[in-house]
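Each chain, written out:
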Amino acid sequence: GRSNENLLSLTAFYIDLDLGIGNDEANKGQYRRYGTDFMRQLQDGLDLISEAGIPGPNLVTHTGKGTHLYWLFSRAVPARALSRWRVAMNILTEKLEVVGADKQARDASRVLRLVGTTNTSAVQNIDGVLHPWKVTAQVLNPIRYDFDFLCDQILPMTREEWQEKKKARAAKVTEFLP
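In this text the structure is predicted, and so the values were computed from the model without any measurement. Numbering of residues begins from 1 in every chain and follows the order in which that chain's sequence is written. Where local features are concerned, this predicted model is filtered to residues with pLDDT of at least 70; where side-chain atom pairs are given and counted, the filter is 80 or more; whole-chain, interface and lining totals use all residues. Based on all heavy atoms of the structure, the side-chain values leave hydrogens and waters out of the count.

## Describing helix α1 (residues 38-51)
The test is simple: Going along the chain from the N terminus, every DSSP run of H or I of four or more residues is numbered as a helix, and every run of E of two or more is numbered as a strand. Every helix has an expected span of 1.5 Å times one less than the residues it contains. Buried residues are those whose accessible area, probed at 1.4 Å on protein chains only, stays under 20% of the maximum for their type, while exposed residues exceed 50% and partly exposed ones sit between those limits. Taking the helix axis as origin, the arc is that swept by the directions to the C-beta atoms.
Between its terminal C-alpha atoms α1 stretches 20 Å, which fits the 20 Å expected from 14 residues at 1.5 Å a residue. By the burial criterion, the buried members of α1 are F38, Q41, L42, D44, G45 and I49. The arc that holds the buried residues of α1, viewed along the axis, is 165°, so those residues lie on one side. Seen from the open side of α1, the exposed residues pointing more than 90 degrees away from its buried face are S50 and E51. One or two positions beyond α1, positive phi appears at G53, with a value near 75°.

Here is the structure:
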């Protein structure tokens, strides 16, 4: 089953950008509408990522109803890193919420649409005939990322800063112990 209990490792961060559901705070909570313009949505998302100082995704899939952004890891990361993965995923989702990041699609056991399959809930007009959308991909950066490096770019503190903070807290606690 699709459960974190069955999770062995982590291989990527991903964001599911749904067309037409982005919350645009500049318009007092009105949704930013992209219609079918997933390229505009993608560019707006990439701009937000760049402005936040986060490295760009490796891969983009076009699903017919939006896009998926993937940051691929250079090696499989043990499941024990799940809590750190979740925090980074939450931050990525929050940063991209305005362009349609799906808050429900951020669990580690999620299965997203596969490249080469068809999305029967999305259609495209080819020569006047409606066809199911074929899921395609675009490689933006072929070099995979180190998990710790990406976390250091996304999270408010690096791993080393967090460990130092934990040590300082532990030292304060031991001051009061007999």
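After that view of the structure, there is still more to cover.
## Comments concerning the layout of surface pockets
Convention followed: The distinction between a cavity and a pocket rests on a 1 Å grid over the protein atoms alone: a 1.4 Å probe fits inside a cavity but cannot get out, while a pocket stays open yet meets protein on both sides within 12 Å along at least five of seven lines, and a residue with an atom within 4 Å of a point counts as lining. Grid points are joined across faces, edges and corners, and a volume is the space filled by probe spheres set on the points. Amino acid classes used here: Ala, Val, Leu, Ile, Met, Phe, Trp, Tyr, Cys and Pro are nonpolar; Asp, Glu, Lys and Arg are charged; the rest, including Gly, are polar.
The space that makes up the largest pocket amounts to roughly 530 Å³. Lining the largest pocket are 18 residues; nearest its centre among them are S83, R84, L155, R159 and W162. For the lining of the largest pocket, the elements supplying multiple residues, two or more each, are β5 (66-78), α2 (82-96), α3 (147-154) and α4 (159-175). When its residues are assigned to classes, the lining of the largest pocket shows nine nonpolar, three polar and six charged. For the lining of the second largest pocket, the secondary-structure elements that each account for two or more residues are β1 (9-18) and β4 (59-62). Among the elements that line the lining of the second largest pocket, the one with the most residues is β1, at five residues. Of the residues belonging to the lining of the second largest pocket, the class tally is 11 nonpolar, four polar and two charged.

## Comments concerning the nonpolar core
Rule in force here: We define the nonpolar core as a collection of buried residues of types Ala, Val, Leu, Ile, Met, Phe, Trp, Tyr and Cys that are connected through side-chain atoms lying within 4.5 Å of one another. Contacts were defined at the residue level, with two residues in contact if any of their heavy atoms lie within 4.5 Å.
L10, F13, L69, W71 and W85 are the most contacted members of the largest nonpolar core, which totals 42 residues. At the level of elements, β1, α1, β4, β5, α2 and α3 are the ones that each hand at least two residues to this core. In terms of residue count, α2 provides more of this core than any other element does, seven residues in total. With near-sequence residues (within four places) excluded, F13 lies in contact with L69, Y70, W71, F73, W85, A88, M89, L92, F147, L150, C151 and I154.

## Brief notes about the environment of T67
Note that T67 resides in strand β5. Each C-alpha atom of the pair T67 and L19 lies 8.0 Å from the other, and the pair is 48 residues apart in sequence.

## Observations concerning the pattern of salt bridges
Operational definition: Salt bridge criterion: a side-chain nitrogen from Lys or Arg within 4 Å of a carboxyl oxygen from Asp or Glu.
Within the structure shown, the criterion is met by four salt bridges. A salt bridge links E97 to K103; the nearest nitrogen and oxygen atoms lie 3.5 Å apart. Note on E97: relative accessible area 26%, which makes it partly exposed. Overlapping salt bridges, with partners in common, bring together R84, D148 and D152 in one network.

## Some points on the pairing of β5
Where we set the bar: Two strands pair if DSSP finds at least two bridges between them.
The pairing of β1 with β5 spans nine bridges and is antiparallel. Bridging from a neighbouring strand, S9 pairs with P78 of β5. In this structure, β4 lies alongside β5, joined through four bridges in antiparallel fashion. Considered in β5, the bridge of L59 is made with Y70. What sits between the antiparallel neighbours β4 and β5 is a turn of three residues, in which G64 has the positive phi angle 100°.

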